[in-house]
Amino acid sequence: MSFISYLINGLSLGSVYAIIALGYTMVYGIAKMLNFAHGDVIMIGAYMALLAMTQAGMSPVIAVLIAIVVCTVLGVVIERIAYKPLRNAASSLSVLITAIGVSYLLQNIALLAFGSNAKTFPSVIKWSGITLADGQLNISGVTVVTIGVCLVIMVVLVAFVQKSKPGQAMRAVSEDKGAAQLMGINVNATIALTFAIGSALAAVAGVLYCSAYPSVTPYTGAMPGIKAFVAAVFGGIGSIPGAFIGGLILGIIEIFGRAYITSQLADALVFAVLIIVLLVKPTGLLGKKIQEKV
Amino acid sequence: MLKKMNKTTKSNFITYGIVIVAFVVMQTLISTGSISSLLEGIMVPICIYVIMAVSLNLVVGILGELSLGHAGFMCVGAFSSAFFSKCMRDVIENGALRFFLAMLIGIVVAAVFGILIGIPVLRLKGDYLAIVTLAFGEIIKNLVNVLFIGKDSNGFHFSTKDVMALNMEPDGTVIVNGPQGITGTPQDSTFLIGFIMILITLFIVLNLINSRDGRAIMAIRDNRIAAESVGINITKYKLMAFTISAALAGGAGVLYAHNLSTLTANTNNFGYNQSIMILVFVVLGGIGNIRGSIIAAVVLTLLPELLRGLQDYRMLIYAIVLIAMMLFNWAPKAIEWREKYLSFGRKKKEAVK
């Protein structure tokens, strides 16, 4: 029984990683940049939901919506101010460092606004969960909701990217910016849209993560952010199903590592699996292999 | 004399000159007591960051691969040398000799790790290589945190669980105590040693860049396929640059370990945060520009200290300055504006013509 319960917990944690990884992978696919500030958008989302619930006394649903709106706006503003001017810069590292700067900035704004002490995060899900097998297997409400939300997001996102006009525009821009522009696609708006979607997902992930691990500090976003980044690379960065699979596998490995080996080495195990996968398949599980032109 | 030298030699001598002048000025200020003890205390950390930045620039700027695990090598160098120093504290009485040996050990162990990690990692490219170096850095940090080593009359005992699992005789002492790390390392690092280490690092890196090997490494950076087709052994030269860089980072780690009495591996000193911080120095100083790395490392280490008066706002200002500097330095629009309105941009343009 404990095996199944670990598996479900792993799936739940993996779902959160998958939602965050989607933000990384979409932004990477379209803007070819590693958005290091993504993890901190998660943290801002969690704080916003927390404030809305505790200070303004709003219902969890509205609080989550507020967090999503704030993060979406934040994502677009960051892209506009910090990343867009560097889009055609000579070195791709410059935008990476700027993203790190944005990450420091968000952390320190949160530090000044909310203090460094951990704040308790009230669960947004009041449902106590389901009990199976005569009470031997208890799945908490947060777990069920997290997995459910992740599945819904995944299906909607794939449908959006494959079928809708803006989704097709996104794929076109990620394929070839110049050609997309010639076809009448507004490249800037498409990239902004990608950042908006990624940041909205980060807000959802922030709320779900903090509901499962109920505390929030200015550095809450850093570790899940980096793990989700690993998940995105694991699945093949730039690929949406890859991010989903990578996130789930990573979550399961982490929980199993904690349960069966030792909690201190769970992170090391996650990274070791990543290294092994990349050595066997250098572009991740579902990554595209790009032929080098001579 | 300067006129006779070629351009690179001249440029290298200017770099050495800047470092030496900076050292002499700071040393005079310290000996006359005109700077605060706080500032004096960060002299060794500045040396450490300069070495880290220069050595990372070898990988990022000269080899052209993004490494996010540089702090991992620093961690290896720090722990191996601190372990040695602590074991030998009573055996080798001469502090200078002990520190010299510790330095050698730290550098060699870091170089060995550089080779071991470099062989698999350097097969990858671009962002995948970056994330794998990050992964290795985190693994090293995590492994150090579960490592327990004790020593008693029967020799060394190892464990990855806790102190009790070491099963030592009553006379045993714990040397590496898991998350509590190593305590009681002799504090041998001084500003002078840091300065000498910077000079050695510069000597190695600058000479490598201007050697046949260095040109081969840069050829790989500029076009791997072309380099391979003229007979350059890609793996060998990539590994060479990576290992030298790791060894130098190990040296910085030795300085770090012997600057503090307690050595622990946490997210802030040996985690990816630190690696990224070093990368910030390299990119801000100019990728591939060694002198720039030195200046950026010094300025950015001093900046938070100088902003200390602003208390809580200092890291906020640091972040804003970082973003603003990146935008000003790299944004195509800003470069255009600079060339139009600032004289140094124009002069450069004319010089090219």
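Residues numbered from 1 in each chain as written. Chains lettered and ligands numbered in written order. Predicted model: local features only at pLDDT ≥ 70, side-chain atom pairs only at ≥ 80, totals over all residues.

Section: the overall build of chain B
No. 1: Check the secondary structure of chain B and you find 16 helices and five strands.
No. 2: A globule of 353 residues ought to have a C-alpha radius of gyration of about 20 Å, and chain B, at 22 Å, matches this closely.
No. 3: In terms of overall dimensions, chain B has a C-alpha envelope of 75 × 55 × 45 Å along the principal axes.
No. 4: For chain B, long-range pairs separated by at least 24 residues make up 74% of all intrachain contacts whose partners lie at least 6 apart in sequence. (Helix = DSSP H or I, 4+ residues; strand = E, 2+ residues; numbered from the N terminus. Rg over C-alpha atoms; globule rule 2.2 N^0.38 Å. Contact = placed C-beta atoms within 7 Å.)

Observations regarding the interface of chain B and chain A
No. 1: At the interface, 36 residues of chain B touch 40 residues of chain A.
No. 2: Put simply, the parts of the chain that give the side of chain B that touches chain A at least two residues each are α6 (126-145), α12 (272-285), α14 (314-330) and α15 (332-341) of chain B.
No. 3: Split into classes, the residues belonging to the side of chain B that touches chain A amount to 29 nonpolar, two polar and five charged. (Nonpolar A, V, L, I, M, F, W, Y, C, P; charged D, E, K, R; others polar.)

A few points about the sheet that holds strand β2 (residues 155-159) of chain B
The pairing of strands in a sheet comes from backbone hydrogen bonds and takes either a parallel or an antiparallel form.
Residue and element names in this part refer to chain B.
No. 1: Pairing in this open sheet of three strands is antiparallel, and the strands run β2-β1-β3 from one edge to the other. Looking at the sheet topology across the chains shown, the edges are occupied by β2 and β3 (173-177). Across the sheet, the mean angle from the axis of one strand to that of its neighbour is 20°, orientation sign disregarded.
No. 2: Here strand β1 (residues 148-152) runs beside β3; their pairing, made up of four bridges, is antiparallel. Residue pairing in the sheet places Gly150 in a bridge with Val174 of β3. (Pairing = 2+ DSSP bridges. Axes fitted to C-alpha atoms, helices over the stretch in contact; angles between N-to-C directions.)

Focus: the UniProt feature "transmembrane region" (unreviewed entry) in chain B
All names here are of chain B.
No. 1: The UniProt feature table records "transmembrane region" (unreviewed entry) at residues 12-30, 42-60, 67-84, 96-121, 128-149, 191-209, 278-303 and 315-332.
No. 2: Split by type, residues 12-30 is 100% helix and 0% strand. Its first and last C-alpha atoms lie 27 Å apart.
No. 3: The span residues 42-60 carries 95% helix and 0% strand; its end-to-end C-alpha distance comes to 26 Å. (UniProt positions renumbered as here; feature names shortened; annotations may be inferred.)

Observations concerning the environment of Leu105(A)
No. 1: Tracing the backbone through its elements, the reader meets Leu105(A) in helix α4 (residues 92-114).
No. 2: Spatially, the C-alpha atom of Leu105(A) lies 33 Å from that of Gly148(A), the residues being 43 residues apart in sequence.
No. 3: The residues contacting Leu105(A), other than those within four sequence positions of it, are Leu316(B), Ala319(B), Ile320(B) and Ile323(B).

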